There are 2 protein chains.
Amino acid sequence: MAPPVKNAVRAAAAPTEEWSSQPEVTAAHPPKNAAGDGDRRPISTVLIIIAMQTEALPLVNKFHLSEDIDGSLFPKGVPWVRYHGIYKELHINLVWTGKDSILGVDSIGTISASLVSYASIQALKPDLIINAGTAGGFKAKGACVADVYLVSNVAFHDRRIPIHVIFFCVNYLYGIGARQTFSTPNLIDELNLKVGKLSTGDSLDMSPQDEVLILANDAVVKDMEGAAVAYVADLLSVPAIFIKAVTNTVDGQKSIAEEFLQNLIAVCTTLAQTVSQVVDFISGVYQIIGIRKSTSVYRKLYINTDEYYILKIMYQFA
Amino acid sequence: MAPPVKNAVRAAAAPTEEWSSQPEVTAAHPPKNAAGDGDRRPISTVLIIIAMQTEALPLVNKFHLSEDIDGSLFPKGVPWVRYHGIYKELHINLVWTGKDSILGVDSIGTISASLVSYASIQALKPDLIINAGTAGGFKAKGACVADVYLVSNVAFHDRRIPIHVIFFCVNYLYGIGARQTFSTPNLIDELNLKVGKLSTGDSLDMSPQDEVLILANDAVVKDMEGAAVAYVADLLSVPAIFIKAVTNTVDGQKSIAEEFLQNLIAVCTTLAQTVSQVVDFISGVYQIIGIRKSTSVYRKLYINTDEYYILKIMYQFA
């Protein structure tokens, strides 16, 4: 057992090359302001993006966040709401997409999620995004109500662009927008999280055309925001993770809308517990470590939440 | 015939109450910086939002716009491209959503369109948005290839949110996102434009579920960006008009993708001609005049493009 280390350099050695969780489709996520800190800048500012008030409030309470009431962060007219505070030395910002000003319902879906992601990244310069929310789950893939998934991959299932120029189907791939999320093997191990793929679309229900693409996306959960947040996070090179809690089964016998409403509040409590555990993990870990693509070498770094550390460095030569 | 009037106050009297083109769903669009100018501030900065390079280039050439190459307007990482210049005393900004950095195809669809709208409005503070682009047309509603429509209403057809809490279906209405566009009766009369409703979705094709909602939206044209641009323009209270040129029929016998590709270049030339006429009209008119909701009084104001004016003031008491 090593002595306590608090806010010190905790990593023995960090990769010096490109850090990436998304080797095929997306850009690398180099840590910001890495100069002088050997690419090992700790996570300081966390941005939690949430689409529903019912999903947001348990976390606002858990982290004792205050609502930003001066309204200066976002332009006049937008319904977006920011809550913020310090929790275990992390700057926590929770941004909820807010209520539609005319209809009074949560601003769910990909457009609001992408706008809030963009505006919040510009305003807050987060080190990490957590998109937390509820989702439908696929029984056939093993998902049950109240399961919480850390998402490994995202894609869209309602953006069909079948323009094939000669042998290329790049428009089709653009529509699907498949990307790996930021890789967090230590987080998954530490919290023993379920891991699965997420498919995103702007409808709560599932049409036969949606179903074809959801199956092609190999999704275990289906939401209305994730892939949009991932798209913006990638554009602006901010690492993003996705935590999705299952309110309803999509391939079950019950009505999706009824099951969703029936389980929403209880599942949001479960979601908040998992997000809280993830934030606790982040607060105790120097860095959620990525994968260095070029050599298949990666290093695992665990810091437990009691501020004692267990350091494991593992090399895997492919 | 009255004498030439150039950059002078051309309106006899403008409405003093709320200006709105969207009486049911969306917020009013008061002219910006109206104080001291009697709500009659002329249009100075025009923002043209375009999703495809093929749609953008004829307009870049027509207006002799220069590409913004210093890259300071938008954050690093985004593919968005701004062209700008002065045309007939108007500051013209054309923002194209750019090419996907990995796949090299146009960043079409609602997410990119909404992000570009938001970022461009924030950066450029336009007086008017013109969303110009190609669209599918419905033969059953009278649309033919190469027709150009000025859009009266927008809505989505792929955001199905069937959550009905008690007797309310507000989530469903939020998903549909129906709104009237900025009202421009004088522009329509002057240019003898076709007028119709637009339905927006993220797919080039049309599923049976899409078709049901497109019919419910009473759409004559179908695109992949319009309603998203309208949503953002409404949030930020910027008047927006939508000019859509028909590349293909959606309810015809031909393949949508094939017909789209076959007609794209020719129709983009036609689109550019109409957008150019609209900008010419704007350059000669003091203000695209809205409708004063409260009394059903409206005033028509024509200024011809030779800088002579014909002034008509018409009162209609309902």
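Reading the values: rules and limits
- Residues numbered from 1 in each chain as written.
- Chains lettered and ligands numbered in written order.
- Predicted model: local features only at pLDDT ≥ 70, side-chain atom pairs only at ≥ 80, totals over all residues.
- Heavy atoms only, no water.
- Helix = DSSP H or I, 4+ residues; strand = E, 2+ residues; numbered from the N terminus.
- Expected span 1.5 Å × (residues − 1).
- Buried < 20%, exposed > 50% of the residue type's maximum accessible area, 1.4 Å probe, protein only.
- Phe/Tyr/Trp six-rings, centres within 6.5 Å; stacked < 30°, edge-to-face > 60°.
- Axes fitted to C-alpha atoms, helices over the stretch in contact; angles between N-to-C directions.
- Parallel < 35°, antiparallel > 145°, perpendicular 65-115°, else oblique.
- Left-handed = near helix turned anticlockwise from the far one by under 90°.
- Contact = heavy atoms within 4.5 Å.
- Salt bridge = Lys/Arg side-chain N within 4 Å of Asp/Glu carboxyl O.
- Polar contact = N/O pair within 3.5 Å; in protein donor to acceptor, adjacent residues only side chain to side chain.
- Least-squares fit on C-alpha atoms with pLDDT ≥ 70 in both.
- Arc of directions from axis to C-beta.

### A few points about helix α2 (residues 110-124) of chain A
Residue and element names in this part refer to chain A.
For step 1, the next point in the chain: Between its terminal C-alpha atoms α2 stretches 20 Å, which fits the 21 Å expected from 15 residues at 1.5 Å a residue.
For step 2, the next point in the chain: α2 sits mainly inside the fold: 13 of its 15 residues count as buried.
For step 3, the next point in the chain: Immediately beyond the C-terminal end of α2, within one or two residues, lies lysine 125, with a positive phi of roughly 45 degrees.

### Notes on the packing of aromatic side chains
For step 1, the next point in the chain: Counted under the stated rule, the structure contains seven aromatic pairs over all chains.
For step 2, the next point in the chain: Measuring from centroid to centroid gives 5.4 Å for Phe74(A) and Trp80(A), while their planes differ by 80 degrees, and the two rings are edge-to-face. A single burial state applies to Phe74(A) and to Trp80(A), both of which are buried.
For step 3, the next point in the chain: Ring geometry for Trp80(A) against Tyr118(B): centres 5.4 Å apart, planes inclined by 45 degrees, an arrangement best described as tilted. Note that Trp80(A) is positioned in the loop between β3 (66-67) and β4 (81-87) and Tyr118(B) in helix α2 (residues 110-124), a pairing that runs across two chains. Accessibility assignment for this pair places Trp80(A) and Tyr118(B) in one class, buried.
For step 4, the next point in the chain: Taken together through their ring pairs, the aromatic side chains of Phe74(A), Trp80(A), Tyr118(A), Phe74(B), Trp80(B) and Tyr118(B) make up a single cluster.

### Looking at the packing of α2(B) against helix α6 (residues 226-235) of chain B
Residue and element names in this part refer to chain B.
For step 1, the next point in the chain: Running from N to C, α2 and α6 cross one another at 30 degrees; their axes reach a closest spacing of 8 Å. Classed by the angle they form, the pair α2 and α6 counts as roughly parallel. The element α2 and its partner α6 pack so that their crossing is right-handed. Within the contact between the two elements, α2 uses Thr110, Ala113, Ser114, Ser117, Tyr118 and Ile121 and α6 uses Ala228, Val229, Val232 and Ala233.

### Quick word on the interface of chain A and chain B
For step 1, the next point in the chain: Facing the 53 residues of chain A at the interface are 53 residues of chain B.
For step 2, the next point in the chain: One can count four salt bridges joining chain A with chain B.
For step 3, the next point in the chain: Of the charged contacts, one joins Arg160(B) and Asp205(A) as a salt bridge, the two residues approaching to 2.9 Å between their closest N and O atoms.
For step 4, the next point in the chain: For the pair chain A and chain B, the interface holds 15 residue pairs in polar contact (both at pLDDT 80 or more).
For step 5, the next point in the chain: Contributions of two or more residues to the side of chain A that touches chain B are made by α2, α3 (170-176), α5 (208-216), α6 (226-235) and α7 (256-284) of chain A.
For step 6, the next point in the chain: Examining the composition of the side of chain A that touches chain B, we find that eight residues originate from one element, α2(A), more than from any other.

### Brief notes about the pattern of salt bridges
All names here are of chain A.
For step 1, the next point in the chain: In this structure the tally under the stated criterion is 20 salt bridges over all chains.
For step 2, the next point in the chain: Put simply, lysine 244 and aspartate 223 hold a salt bridge, and the shortest N to O gap is 2.7 Å. Residue lysine 244 is located in strand β11 (residues 240-249), and its partner aspartate 223 is located in strand β10 (residues 221-223); the two are separated by 21 residues in the primary sequence.
For step 3, the next point in the chain: Aspartate 223 sits in the buried class, given a relative accessible area of 2%.
For step 4, the next point in the chain: It is possible to trace a salt-bridge network through shared partners that takes in Lys141, Lys197 and Asp218.

### Considering the relation of the copies chain A and chain B
For step 1, the next point in the chain: With an RMSD of 0.0 Å, the fit of chain A onto chain B corresponds to turning through 180 degrees and sliding 0.0 Å along the axis. Put plainly, the chains are arranged around a two-fold axis.
For step 2, the next point in the chain: Both copies share a contact surface, since 100% of the interface residues of chain A are interface residues in chain B too.

### Here's the deal with helix α1 (residues 53-62) of chain A
All names here are of chain A.
For step 1, the next point in the chain: For α1, every residue scored as buried is listed here: Glu55, Ala56, Leu59 and Val60. Viewed along the axis of α1, the buried residues span an arc of 125 degrees, placing them on a single side of the element.
For step 2, the next point in the chain: On the buried face of α1, the contacting elements are β2 (45-50), β4, β5 (90-96), β6 (128-137) and α7.
For step 3, the next point in the chain: Positive phi appears at histidine 64, one or two residues downstream of α1, with a value of about 55 degrees.

### Considerations on the side chain of Ser207(A)
For step 1, the next point in the chain: In this fold, Ser207(A) is placed in the loop between β9 (194-200) and α5.
For step 2, the next point in the chain: At a separation of 3.0 Å, a polar atom in the side chain of Ser207(A) contacts the main-chain amide nitrogen of Asp210(A).
For step 3, the next point in the chain: If we skip the residues at most four places from it in the chain, Ser207(A) touches Arg160(B) and Gln209(B).

### What about the environment of Gly85(B)?
Residues and elements named next belong to chain B.
For step 1, the next point in the chain: With respect to the helices, strands and loops of the structure, glycine 85 is situated in strand β4 (residues 81-87).
For step 2, the next point in the chain: In this structure glycine 85 comes out as buried when scored by relative accessible area, which is 18%.
For step 3, the next point in the chain: In sequence terms glycine 85 and alanine 219 are 134 residues apart; their C-alpha atoms lie 34 Å from each other.
For step 4, the next point in the chain: Setting aside anything within four residues of it in sequence, one finds glycine 85 in contact with Leu65, Leu90, His91 and Ile92.

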